[in-house]
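Notes for the structure review
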Amino acid sequence: MDVIKIMGTDDTPTVILDVANDLFEISGRSLPEDVAAFYNPIIDWIEKYNQSPKVKTVFNFKLVYFNTASSKMLLDILMKLEELFHAGKEVLIKWHYADDDEDMKEAGEEYADIVDIPFEQVAVA
């Protein structure tokens, strides 16, 4: 599969989707002007990945901020990963947040309640 590597900006997160290196990560700030244009290729990539996934997929979210429009797209990504989990594959979501960022911690908890996938909260000093 093609690798997706998008370098982050002030308004868009860094995205790395690299099957060969077991690297699945979205990090930084997410408030793109056009969330659909930014996230739809990522969601399409995950749909293709789900057709021939690895035995175990660990997806890291290392966001410091995301807006409301981004939150819907993040949920769409999580729901695609949930499909993979329900297909019998091992999936783990690692939700990283600064240990003093209650909002980001709570966002991870809320996503964990919505989707049926193993979720690990990772506090970062």
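Computed from a predicted model, the values in this text were never measured in an experiment. (Residues numbered from 1 in each chain as written. Predicted model: local features only at pLDDT ≥ 70, side-chain atom pairs only at ≥ 80, totals over all residues. Heavy atoms only, no water.)

1. Quick look at the overall build of the chain
How we decide: Helical segments are the DSSP runs of H or I of at least four residues, strand segments are the runs of E of at least two, and each set is numbered from the N terminus. Computation of the radius of gyration draws on C-alpha atoms, with the globule rule given as 2.2 Å multiplied by the number of residues to the power 0.38. Each residue's exposure class comes from its accessible area (1.4 Å probe, protein chains only) as a fraction of the maximum for that residue type: buried when under 20%, exposed when over 50%, partly exposed otherwise. A contact between two residues is defined here by any heavy atoms of the two lying within 4.5 Å.
What the chain contains, in helices and strands, is three helices and six strands. Along the chain direction, N to C, the helices and strands of the chain fall in the order β-β-β-α-β-α-β-α-β. At 14 Å, the chain has a C-alpha radius of gyration in line with the 14 Å of a compact globule built from 125 residues. Seen along its three principal axes, the alpha-carbon backbone of the chain occupies a region of about 35 × 25 × 25 Å. Counting all 125 residues of the chain, 43% fall into the buried class. Put simply, of all contacts in the chain between residues at least 6 apart along the chain, 67% involve residues at least 24 apart.

2. What to know about the packing of aromatic side chains
To keep it simple, the criterion reads: Any pair of Phe, Tyr and Trp rings, taking the six-membered ring for Trp, is counted once the centres come within 6.5 Å. Such a pair is stacked with planes under 30 degrees apart, edge-to-face with planes over 60 apart, and tilted for the rest.
Evaluation of the coordinates by the stated rule reveals eleven aromatic pairs. Between W95 and F119, the aromatic rings sit 6.4 Å apart at their centres with planes inclined by 35°, giving tilted as the arrangement. Of the two residues, W95 sits in strand β5 (residues 90–98) while F119 sits in strand β6 (residues 119–124), which places them 24 residues apart along the sequence. Taken together through their ring pairs, the aromatic side chains of F24, W45, Y49, F59, F61, F66, W95, Y111 and F119 make up a single cluster.

3. Describing unusual backbone geometry
If you check the backbone angles, D22 has positive phi at about 50° while not being a glycine. By the element assignment, D22 lies in the loop between β2 (14–18) and β3 (23–30). For D22, a relative accessible area of 46% puts it in the partly exposed group.

4. Notes on the side chain of E82
With respect to the helices and strands, the residue E82 is situated in helix α2 (residues 68–86). Apart from the residues within four sequence positions on either side, E82 is in contact with V115, D116 and I117.

5. Some words on helix α1 (residues 35–51)
Quick note on the threshold: For a helix, the expected span equals 1.5 Å multiplied by the number of residues minus one. As used here, the arc is the angular range of directions from the helix axis to the C-beta atoms. By the criterion applied in these results, polar contacts are pairs of N or O atoms within 3.5 Å in which, for protein atoms, one can donate a hydrogen and the other can accept it, and in which residues neighboring in sequence qualify only through two side-chain atoms.
End to end, α1 covers 25 Å across 17 residues, agreeing with the expected 24 Å (1.5 Å per residue, within 8%). Taken together, the buried positions of α1 are V35, F38, Y39, I42, I43, W45, I46, Y49 and N50. Buried residues of α1, seen end-on, are gathered within an arc of 155° and therefore sit on one face of the element. Structural note: α1 exposes A37, K48 and Q51 on the side pointing more than 90 degrees away from its buried face. Where the residues of α1 are buried, they touch β1 (4–6), β2, β3, β4 (56–66) and α2. The residue sitting at the N-terminus of α1 and contributing the capping side-chain oxygen is D34; that oxygen lies 3.3 Å from the backbone nitrogen of A36.

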